[in-house]
Structures are given as C-alpha cells and as structure tokens.
Amino acid sequence: MAFFKKFLQEFKEFALRGNVMDLAIGVIIGAAFQAIINSLVNDVLSPLIGLVAQTDLSYLVLTLNGVDIKYGAFLTAVINFIIMVFVIFLLVKGMNALGSLGKKKEAPAAPTTKKCIYCFSEIDINALRCPHCTSEFILKESIEEDQHEEL
C-alpha cells in the first residue's frame, strides 16, 4: 500500500508541473483548432474546388480489383495539413514578433580596425605605424598634450 501511495504522489507531482499542464492545454486547443480546420476544408474549400473541378474531392475514388482507393479523402487530408502548417507558421511568426517588441537592439561593436590614411590598408585600431607602408600615425592624445603644454 505504501508503494502505491508513493507512486500516486510521484504521479501527482509529475502531472501538475507547469510544462505538462501547458502541453495538455496545447493539445486540447490543437484538437479544437483541428475541428475548425476540418470544417473549413470539408465545408468550404472542398465544395469550392468541386465547383471548378465539377466534383467533390472527398468522393474521388479509384477502384482496382474491387479495392477502393479514396485518393479524394487523401487530398482533403493534405489540404488540411497545409492549412494547419500555414496557420502554425503565422502563429509562431506572430509570437516571435511579440517577443522581440520589448527587446532593445544591440549596439554595434566598437571597430577593431582602421584604414591607413596613406595606403588605405586595413590595420589594427591601436597601431601607431602602418605595417604595409610603414607610415607613422600621430595620436590625438599626443597632439592634445602638445597643445596643452604650449598653454
């Protein structure tokens, strides 16, 4: 009896975790949504396609050696699947857009290179001499110090 009680306690802890409840709610909503999509395809889209094709998709059957192959029902299931995938894509895209509303874009990284003013080669940002043309660079700090000393 103690084993059964412990087993029920563990099951209760498992079943009431947040992820399991979220999954259960998602499955229930998904089943309800599937009923809506099935109705859309069977009651709206299939008859509209039937107007163009002069037949209802669900009644398309191929009979081989007395066996009915209901490819119309298969086409209806494919249409259901495509609509479901499209709607899920739109939902995920919308959720991603909502999730990124509050986030700030990252500032661009500070540059790590600069161009030599003489030969236009890419060099390290801290370089005092160009490794390509060997030109010397005058630092702004040294110019400011020289101007400061003159005062």
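These numbers come from a predicted model, not from an experiment. (Residues numbered from 1 in each chain as written. Predicted model: local features only at pLDDT ≥ 70, side-chain atom pairs only at ≥ 80, totals over all residues. Heavy atoms only, no water.)

> How would you sum up the environment of Ser 46? Please name residues and give values.
Mapped onto the elements of the fold, Ser 46 is located in helix α2 (residues 18-53). Residue class for Ser 46 comes out buried when judged on its relative accessible area of 2%. Measuring from C-alpha to C-alpha, the distance between Ser 46 and Thr 76 comes to 7.4 Å, with 30 residues separating the pair along the chain. (Helix = DSSP H or I, 4+ residues; strand = E, 2+ residues; numbered from the N terminus. Buried < 20%, exposed > 50% of the residue type's maximum accessible area, 1.4 Å probe, protein only.)

> Now, about helix α3 (residues 71-99): what can you tell me, with residues and values included?
With 29 residues, α3 extends 42 Å between its outermost C-alpha atoms, agreeing within 8% with the 42 Å of an ideal straight helix rising 1.5 Å per residue. Within α3 the residues assigned to the buried category are Gly 72, Thr 76, Asn 80, Ile 83 and Met 84. (Expected span 1.5 Å × (residues − 1).)

> Quick one: what's the story with the packing of aromatic side chains, residue by residue and with numbers?
Enumeration according to the criterion identifies one aromatic pair in this entry. When the centroid spacing of 6.5 Å and the interplanar angle of 25° are considered together, the rings of Phe 3 and Phe 7 count as stacked. Of the two residues, Phe 3 and Phe 7 are both situated in helix α1 (residues 2-15); the distance of four residues between them amounts to about one turn of the helix. Looking at Phe 7, the relative accessible area reads 46%, which means it is partly exposed. (Phe/Tyr/Trp six-rings, centres within 6.5 Å; stacked < 30°, edge-to-face > 60°.)

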